Amino acid sequence: MCFHLFLFFSFIEWAHKILSSMEDNVMDHFRLLGAVEALAAIFKIGSTSVLLNVVPLLWNDTSTLIKSGIAARSPLLRKYLVKLTQRIGLTSLPHRPATWRYVARNKILGENFSGHETSDCDQSNYPVNMNSCNISQEASCLQEEDMDVPDIIEDIIELMLSGLRDTDTVVRWSSAKGIGRVTSRLTYSLSDEVLSSILELFSPGEGDGSWHGGCLSLGELARRGLLLPISFPKVVPVIIKALHYDVRRGPHSVGSHVRDAAAYVCWAFGRAYYNRDMKNVLEQVAPHLLTVACYDREVNCRRAAAAAFQENVGRQGNFPHGIDIVNMADYFALSSRANSYLHIAVYIAQYDGYLHQFVDELLHSKICHWDKGLRELSATALSSLVRFEPGNFANVLEKLVPCTLSSDLCMRHGATLAIGEVVLALHKHNYAISTDKQRVIAGIVPSIEKARLYRGKGGEIMRLAVSRFIECISQAQVSLTEKIKRSLLDTLNENLKHPNSHIQNAAVKALKYYIPAYLALMENKGVNDIISRYLEQLTDPNVAARRGSALALGVLPFEFLTKGWKSVLMKLCCSCEIEDNPEDRDAEARVNAVKGLVSVCETLSEAGESSDFFSGEDGLALFPFIRNEVMCCLFKALDDYSTDNRGDVGSWVREAAMYGLERCTYILCKRDSINKEEGPCDSSNNDQISSYFDASLANDLVGSIVKQAVEKMDKIRESAARILQRIIYNKITFVPHIPYREILEHIIPDEAELDWGVPTFSYHRFVQLFEVSCYSKYVMSGLVVSIGGLQDSLKKASLSALLDYLQTTVTEDQDDSRVLSLSTDILWVLKKYRKCDRVIIPTLKTIEILFSRKLLLNIGAQTPVFCASVLDSLTIELRGTKDFSKLNAGIAILGYIASISEPINTGAFSQLLTFLGHRYPKIRKSAAEQVYLVLLENGNLIAEDKLNEATEIITETCWEGDVEEAKKRRLQLCEIANLGTTQTVNATQMESRRVVERRPASTDENASYSSLVGSAGF
């Protein structure tokens, strides 16, 4: 035993040296952490009689160290020091439990709902009667007045209270637990002083760390029964404030950890106290807990508040509608913020006592929140509560109107949105707003514009809010004066020209409801002025104006379009095409033009059915126009492959065009079905009427979309496959005349969960359409772009699908029919996309890959025909090109063709030799390598006795060197191969002659430099 004490005191001396050294280096720091942690562990399990001897020494070191700069830089060290401090305090105090503490009973959940209140009184517990409570507490205090409290306890408690203000959560949490443990050894009077010190942490001048630490310590005191019910009047208001603690700091706020800790305190209350003591507390706290559970921004706070409410309902019992609310606001339902705001809160608001609390929270905290998305959601949430007390919300509008001109951007943005949503909700619930209030509401937007709140920071946000506000009052049909009508229309037109796409879309949505509500009875001149304005803006140099006007035309009502629909459609068709001037090109404007074009067609076709529009010639001409002009325009839009620094921006146009083709297809098919039901009025027009959507148009439609379904962009492929799926299986409007529908249904099944965007899945399905002649060319024109593209994974998947398809020729059919049709499709692509490098380059790469796998070179009599056609295309494509990938692919193809034993090989070899004198050194070298390989595989091109000489010229010449030397060597090879020089050099000589003609008379470099200096005035 003495030896153990000797070791203990030796360790204490060593620890004293470590704690007092305060050396600031890495090794000493880790040694210091270990020493403090070891001391804390010793004081946890050591003998009190032994530890009391070393308390003064270690407390001295601890109190000094925790105030040093070393501890200020290390949260872990501060945590261990706080832990050691509390255990020193526990060691110094006598081991006597506080007789005054609150002792909660252990209850079964079922007892809370049994209704036998008499049994509660029989339980041994803290007295419920407040007078007896005071008497009991006073008796305990008198009994414990003689308790000796060491002097260091006050310093220890002070240190732990300061730990509650620490910047790190682990230190605050350790301090809170320490205060709970030390307080359990104190008298009631001392514990009350500790509670008062804790409540001082909740003063307005304290930071979020103090509020968080205070909540944690209150939770610990409540959990241990050290917070008596007599203190509830002081504690509960503080907890309610903490539940809503949210302090704005710059563009964000802090306080989520405080709200989470406040919910922990409420949870501890539910577990620690008797239901009669908690009844009043729960009535105060429950609405605030549910407010946090429904409307807090952070999911952890929503879940913590719901858990606290659930704990109180389960343990306290007899809470009105508690079980129903708990079942609705569960852990998973609260994970979605939108679900919490728009569904759970609405469900809870139907019960008494929650509606006004929810409305106050939204009005005072949420519609002015720093998060823009939360403000928008709060405005919608506020409108969803209108159903319970519409009259009260009419008064809410009066409070919100002045806030629309607030200097705080968040407040005026949220207030504008909230007014619009509430007005719309009141209209939906058939509540009539008074004329005076309508006049005030109508003047909100002019007041915002008069205050110039569109300018500067937040102008775009206010434009969005104003557009949504106009949309809401238009649907609610708030009465407006003529002046305000013109003002709001000008506002929407300005927003339509804004470069921000979100503002444009919001303005378009508002315009969709504004025009029918306020401008439907406008005279023809006013209607023509509006349409003419939007049509003129379609050619405006400002791209934002073009984008907005195209969308605006798409939402015009039927009455505005009946007379001038043809000019509107023609203008929109022209706007869908790529602009001639490169500086005017804008992909977003073309996308919007496509959307506007299709929307106008739908408006005319749908509204015209319920009117006399189709009874006249003008109306009957609509569907032929859609078929002949609009559909053709959309097919052209599918060939939009324009690019800029953002990449393939043409894909946006193509995707919009595919959706447009689908919708126009439904328009034509629906009209065809109506014509069939009504019967032809005139037999002479029967053929014309029944041909709105025929087999030819169906073939072009499916083929064009299939082409997009096998190209290189995952999103486009998935969209194309989904569109085809809807067209084939549409149950509302049947699409007839689709060629080979059964094969398409086999390839594209009616299943929703297919991964069409995955290349390994989609390509293997769509290559089966090579068997259908009317679709094979479309598939090939899209597939070559993927096979010859730059992305390795896509190239591998598409090539694998094609090779697997061709492999079945050998395993099943034992003929070359598939390869023959493939060669025909490739030649069609080369002819169709002549001089279009976007398609030609990957096509040449695809041919090179197929040649390397011995495909397309062994197809019998078709081989020379195919090779001759490819050779003709190469002659056109490679002439004058500067694209290295195109030249390399072309040279490789020439090498493969020159290696076969067909008569065509001489022409390929002759073209290959011309590239030995190319101006690019790498191209000369690549051509020389191909020539060498050709001579090794096909010795018939050069006489056997001259083959070694030709091989020697190729291998020993530096083709990346001087171009003139390369041309001489090329001429030697031509002579050896018995090829006329005119046949191989003609193009090069013509090019050289043009260069000589352009070359200045003097070749003296210095002379030209001297003239440059002279002209500069030196």
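The structure displayed is predicted, hence computed values, not measured ones. (Residues numbered from 1 in each chain as written. Predicted model: local features only at pLDDT ≥ 70, side-chain atom pairs only at ≥ 80, totals over all residues. Heavy atoms only, no water.)

## Let's talk about the pattern of salt bridges
Applied cut-off: Any Lys or Arg side-chain nitrogen found within 4 Å of a carboxyl oxygen on Asp or Glu counts as a salt bridge. Note on exposure labels: buried denotes an accessible area under 20% of the residue type's maximum, exposed denotes more than 50%, and partly exposed covers the range between, all computed with a 1.4 Å probe on protein chains only. The numbering of helices and of strands both runs from the N terminus, where a helix is a DSSP run of H or I of at least 4 residues and a strand a run of E of at least 2.
Evaluation of the coordinates by the stated rule reveals 46 salt bridges. For Arg297, the salt bridge identified is with Glu298, shortest N-O distance 2.8 Å. With relative accessibility at 25%, the residue Glu298 sits in the partly exposed group. Between Arg439 and Asp436 there is a salt bridge; the shortest N-O distance is 3.1 Å. With Arg439 and Asp436 both in helix H23 (residues 435-442) and three residues apart, this pair spans about one turn of that helix. Of the residues examined, Arg439 reaches a relative accessible area of 54% and is grouped as exposed. Connected through shared salt-bridge partners, Arg547, Asp586, Glu588, Asp644 and Arg646 make up one network.

## Details of the packing of aromatic side chains
Applied cut-off: The rule is short: rings of Phe, Tyr and Trp, with Trp giving its six-membered ring, pair when the centres are within 6.5 Å, and they are stacked under 30 degrees, edge-to-face over 60, tilted in between.
Counting across every chain of the model gives 25 aromatic pairs. Relative to Tyr245, the ring of Trp211 lies with its centre 4.9 Å away and its plane at 35°, an arrangement referred to as tilted. Taken together, the positions of Trp211 in helix H12 (residues 208-223) and Tyr245 in the loop between helix H13 (232-243) and strand S1 (247-249) put the pair 34 residues apart, joining distant regions of the chain. Here Trp211 falls in the buried class, since its relative accessible area comes to 8%. Owing to a relative accessible area of 10%, Tyr245 belongs among the buried residues under this scheme.

## Considering helix H9 (residues 152-163)
Selection criterion: Expected helix span is computed as 1.5 Å times (number of residues minus one). Should any heavy atoms of two residues lie within 4.5 Å, those residues are considered in contact.
The end-to-end C-alpha distance of H9 is 16 Å, a good match for the 16 Å that twelve residues give at a rise of 1.5 Å each. All of the buried residues in H9 are Ile153, Ile156, Ile157, Leu159, Met160, Leu161 and Gly163. Looking at the buried positions of H9, the neighbouring elements they touch are helix H4 (55-65), helix H6 (75-92), helix H10 (169-183) and helix H11 (188-199).

## Some thoughts on the nonpolar core
This is how it is decided: As used here, the term nonpolar core means buried Ala, Val, Leu, Ile, Met, Phe, Trp, Tyr and Cys residues forming a set that is joined through side-chain atoms within 4.5 Å.
Counting residues in hydrophobic clusters, the biggest one holds 325 residues, and the most contacted among them are Phe269, Phe309, Phe358, Leu385, Phe766 and Phe909. Considering every element that reaches this core, the biggest residue donor is helix H15 (residues 275-295), with eleven residues. Non-local contacts of Phe358, meaning those with residues more than four positions away in its chain, are made with Pro287, Leu290, Thr291, Cys294, Tyr295, Ala345, Ile348, Ala349 and Leu385.

## Overview of H12
Between its first and last C-alpha, H12 extends 23 Å over 16 residues, near the 22 Å set by a 1.5 Å rise per residue. Buried residues dominate H12, accounting for 15 of its 16 residues.

## Side note on unusual backbone geometry
If you check the backbone angles, His321 has positive phi at about 60° while not being a glycine. Here His321 lies in the loop between helix H16 (299-316) and helix H17 (322-328). Its relative accessible area of 39% is what places His321 among the partly exposed residues. Backbone geometry at Tyr740 places phi at a positive 55°, although glycine is not the residue there.

## Regarding the side chain of Thr665
Relative to the helices and strands, Thr665 resides in helix H35 (residues 650-678). In this structure Thr665 comes out as buried when scored by relative accessible area, which is 0%. Look past the residues within four positions of Thr665 in its chain and what remains in contact with it is Met631, Phe693, Leu701 and Val735.

## Some remarks on the confidence of the model for the protein chain
Do not read the predicted coordinates in detail wherever pLDDT is low. Here is the rule: pLDDT is defined as a per-residue confidence score from the predictor, taking values between 0 and 100.
Confidence along the protein chain averages 86 in pLDDT terms, with 89% of residues attaining 70 or more. Segment residues 681-689 is flagged for pLDDT under 50; beyond a separation of four residues in sequence, or across chains, it makes four contacts in the model. In the predicted structure, residues 982-1018 sits below a pLDDT of 50 and forms 14 contacts with residues beyond four places in sequence or in another chain.

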